[in-house]
Amino acid sequence: MAVEFTIAATISEKFSKLIKKDKYEPCLCELMNLSTAVFPGSYQRILEQPSNECDFLEIGTGTKFDTKLPFEKKHGKLIGSEKQRDFTKWLMLMQQQEYEFGEDIVASRGKNVASMELYKILSHRLETVEADEHVIFFFPYPVVLDSQEFEFMHFVSDFLDAIYRELKKNGLVGCRNIYVIYPAVDGNIVLRCLNSNKREFLRYSGFDEYITYSLKP
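Residues numbered from 1 in each chain as written. Predicted model: local features only at pLDDT ≥ 70, side-chain atom pairs only at ≥ 80, totals over all residues. Heavy atoms only, no water.

Draft legend 1. Structural context of the packing of aromatic side chains. Scanning the entire structure with this criterion turns up nine aromatic pairs. Look at Phe65 and Tyr179: their rings are 6.0 Å apart centre to centre, the planes differ by 50 degrees, and that puts the pair in the tilted class. A residue pair is termed long-range when its members are at least 10 positions apart, and Phe65 in strand E4 (residues 64-68) and Tyr179 in strand E6 (residues 178-183) qualify at 114 residues. Look at Phe138 and Phe207: their rings are 5.3 Å apart centre to centre, the planes differ by 25 degrees, and that puts the pair in the stacked class. Separated by 69 residues along the polypeptide, Phe138 in strand E5 (residues 133-138) and Phe207 in the loop between strand E8 (198-202) and strand E9 (211-216) bring together distant segments of the chain. On the accessibility criterion, Phe138 (1% relative accessible area) is buried. For Phe207, a relative accessible area of 5% corresponds to the buried category. Within the aromatic cluster, the residues linked to one another by ring pairs are Tyr24, Phe138, Tyr204 and Phe207. (Phe/Tyr/Trp six-rings, centres within 6.5 Å; stacked < 30°, edge-to-face > 60°. Helix = DSSP H or I, 4+ residues; strand = E, 2+ residues; numbered from the N terminus. Buried < 20%, exposed > 50% of the residue type's maximum accessible area, 1.4 Å probe, protein only.)

Draft legend 2. Layout of the environment of Lys168. Among the secondary structure elements, Lys168 is positioned in helix H5 (residues 159-169). What makes Lys168 partly exposed here is its relative accessible area of 48%. Placed 27 residues apart in sequence, Lys168 and Asn195 show a C-alpha to C-alpha distance of 9.2 Å.

Draft legend 3. Quick look at H5. Of all the residues in H5, the buried ones are Phe159, Leu160, Ala162, Ile163, Tyr164, Glu166 and Leu167. Immediately downstream of H5, the backbone of Gly171 shows phi near 75 degrees, a positive value.

Draft legend 4. Summary view of the layout of surface pockets. Taken as a whole, the largest pocket spans an internal volume of roughly 160 Å³. What lines the largest pocket is a set of 16 residues, among which Gly187, Ile189, Asp208, Ile211 and Thr212 lie closest to the centre. With three residues, the top contributor of residues to the lining of the largest pocket is E9. (1 Å grid on protein atoms, 1.4 Å probe; cavity = no way out; pocket = protein on both sides within 12 Å on 5 of 7 lines; lining within 4 Å. Points joined across faces, edges and corners; volume = space filled by probe spheres on them.)

Draft legend 5. Inspection of the nonpolar core at higher detail. Formed by 56 residues in total, the largest nonpolar core has its most connected members in Leu31, Phe39, Phe139, Leu160, Ile181 and Phe207. Of all elements in the fold, only helix H1 (21-34), helix H4 (117-126), E5, H5, E6, strand E7 (189-193), E8 and E9 reach the threshold of two or more residues within this core. The contacts of Ile181, once residues within four sequence positions are left out, are Leu28, Leu31, Phe39, Ile136, Phe137, Phe138, Phe139, Ile189, Val190 and Leu191. (Core = buried A, V, L, I, M, F, W, Y, C linked by side-chain atoms within 4.5 Å. Contact = heavy atoms within 4.5 Å.)

Draft legend 6. Looking closely at the sheet that holds E8. Pairing in this open sheet of seven strands is mixed, and the strands run E2-E3-E4-E5-E6-E7-E8 from one edge to the other. Edge strands, defined here as strands with exactly one partner in the open sheet, are strand E2 (43-45) and E8. Each neighbouring strand pair of the sheet contributes to a mean axis angle of 25 degrees, computed without reference to strand direction. Note that strand E3 (residues 56-58) and E4 share two bridges and pair antiparallel. Within E4, the position partnered with Phe56 by the bridge is Phe65. (Pairing = 2+ DSSP bridges. Axes fitted to C-alpha atoms, helices over the stretch in contact; angles between N-to-C directions.)

As structure tokens, then:
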């Protein structure tokens, strides 16, 4: 029997604050410390970064992590600019690539991943990170359809895995791990290591004052 549902997003006027480092980094550090699978250690946020130091350190090992937002300036203006602010347009624009990628899979047309805008953004961000730093990309929206209840949902249009393989093929991954953190469509937060494709769902309310997602029948 087919299951039909609607993905509901509630976006607060305060959402533009979420893309500021002093807002999202403490939340990411909390999530890393709540994690037991994807981030099994203990982590601290580096508050002073006069020489562009990393954002987080693993306590005990000194392993470095740097966070990146996968946006271009035109995307940021739709969130942060009072004159150009349009959260709905921004969300539709960011999710458009997922829909197109899914349509390509269904149509068996294939897709040149390196031509995708998100691939270009992530590859550029990786080039700005030191080789000894792991990278965490934070997406404040469901970059892929993911749900703990419907665990195979993300396979339908999971272009993150395709992008990771393209980045690795082009020598942009190196010896570091690439992580992504994003909301699931069921209200959970997904922590995921693209190297191993290990995924972990956490119930977390730290983003609720900015944006929430849910499944509705």
